[in-house]
Structure formats: C-alpha cells, structure tokens
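This is what each chain is made of:
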Amino acid sequence: AQTVTQSQPEMSVQEAETVTLSCTYDTSESDYYLFWYKQPPSRQMILVIRQEAYKQQNATENRFSVNFQKAAKSFSLKISDSQLGDAAMYFCAYRVGGDDKIIFGKGTRLHILP
Amino acid sequence: AAGVIQSPRHLIKEKRETATLKCYPIPRHDTVYWYQQGPGQDPQFLISFYEKMQSDKGSIPDRFSAQQFSDYHSELNMSSLELGDSALYFCASSLGRGTSEYEQYFGPGTRLTVT
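This one's a predicted model, so the numbers in the text were calculated from it and none came from an experiment.

Asks: What exactly am I supposed to notice about the state of the cysteines here?
Replies: By definition, a disulfide is the covalent link that joins the sulfur atoms of two cysteine residues. Residue and element names in this part refer to chain B. A complete count under the given rule lists two disulfides over all chains for this structure. The disulfide partner of cysteine 23 is cysteine 91, and the gap between their sulfur atoms is 1.7 Å. Looking down the S-S bond of the cysteine 23 and cysteine 91 bridge, the torsion is -60°, so its handedness is left-handed. With cysteine 23 in strand E3 (residues 19–24) and cysteine 91 in strand E9 (residues 87–94), this residue pair connects regions lying 68 residues apart in the sequence. Taken as a pair, cysteine 23 and cysteine 91 share a single burial class, namely buried.

Here's what the structure looks like:
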C-alpha cells in the first residue's frame, strides 16, 4: 500500500530561523512525484514544492528546499528564514506517475514564533 | 492567472437533504478531481473525470455522484446528507492526465456543513 507518514503533528520555529519538516513514504513504484502543500487558515491548498522521483537533484523554491532520499524513502522540507506568513498546516503528498489520486500525509502544523 | 472556481464557497444543509457542488476548471484544463477533507483530516480523493468520462474513483460514497459537462465544469451531487459529510470539498483541475508531467491545481474549496 502507498502511504505517506508525517511524524511531527506540530512544530514551532522562531521567526527568521530554519525549520525542517519530516516525511516518509512507502511505495513499490519507480515513477512517482512528491509534493509539499501548504494550507493556511484560509484552507486553500497551495503547492509549495514538487519533486520528480527520477531526478536526483533536490528541488528548491526560494526559501523552501527539500532533502529527497530515494533509497530511504524520505522527503523532508526545509524552510529557511521563517516568516510569520509561513504559519500553516503542511501536507506531504505523493502521486504515482500517470495516476489521478494524490495521497496526503496527516499534516504538520507549523507555528512561527515572533 | 485564472484559477479553479468552486461554488458555493459555503453551504449549510440539513440531514437527509441534497447538495450540489460546482467546479469550474482553469481554462483549457480538461481533467477535474474531487477531494474531501474532514475536520482535522488530510484530503481524500473522491473521483476524477477526463474529457467528460470518469477516469478514477476513490472512497466516494454511493450517495454521491458526479459528472463533467461539455464545457469541462463538474458537479458533485450529494444526497441523503449525513452529519459525517460535513467537510471541505476541493476541486482540482489539470491539463491532461495519464502522463507523468501534468499537475493538479486546487480550488479554494466548498465548506459543507450538515446540521
């Protein structure tokens, strides 16, 4: 079964500091995609970053970067220079290439301390 | 840039009533997906449509049905509503499917409350 596990239900970080959110997944597929979605209080689902499994290079988007360890099936999100607007629920997610369904983890609620 | 539009944004219904949620995909997008997010839960895939045909089905109750119309908008019909149907319902759209490179763009969601 394909599963996504986020072991940290909640995390806090001081403004301007760096924080890493953990995610592991289980799959037997070779063609898949991994995502981090942000869900602020507005409940909008916002794609933060996307990683293709066939790419060895870790994806980066401004202050957001991932550490993709394919053999370990680990996909962590690093947020640098944390800002108050980063406070949200963060979902790690997975999709098999060509499939419709995105499978989400349970989420990590990130608090930013001023 | 145009985004996915969902209507209504909020809906309150009583038990055993019927609800219809609408989704208007990004222009030129031909694939629509529905997800349900219960309170404090992660989103769960319900159903998807490609070129007006159902393409995949997830954990959608038999009381729910959906379709995609010729203009690619989609409607999720929910009958005999139960308290447990209270959730945020997301629609997402993409340009194509079945290839590895397509991406799903989420709408703002419809919050359904069943009393």
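Moving on from the model shown.
Asks: How do you make sense of the sheet that holds strand E1 (residues 5–7) of chain B when you look at a structure like this?
Replies: Strand pairs in the sheet, formed through backbone hydrogen bonds, run parallel or antiparallel to each other. All names here are of chain B. Strand order in the open sheet formed by four strands is E1-E3-E8-E7, with antiparallel pairing between adjacent strands. Lying at the two open borders of the sheet, with one neighbouring strand each, are E1 and strand E7 (64–68). Neighbour-to-neighbour, the strand axes of this sheet turn through a mean angle of 15°, independent of strand direction. Here five bridges tie E3 to strand E8 (residues 74–78), and the two strands are oriented antiparallel to one another. Each residue of the ladder has a partner; that of leucine 21, found in E8, is leucine 76.

Rules used throughout
Residues numbered from 1 in each chain as written. Chains lettered and ligands numbered in written order. Predicted model: local features only at pLDDT ≥ 70, side-chain atom pairs only at ≥ 80, totals over all residues. Heavy atoms only, no water. Disulfide = S-S within 2.5 Å. Helix = DSSP H or I, 4+ residues; strand = E, 2+ residues; numbered from the N terminus. Buried < 20%, exposed > 50% of the residue type's maximum accessible area, 1.4 Å probe, protein only. Pairing = 2+ DSSP bridges. Axes fitted to C-alpha atoms, helices over the stretch in contact; angles between N-to-C directions.

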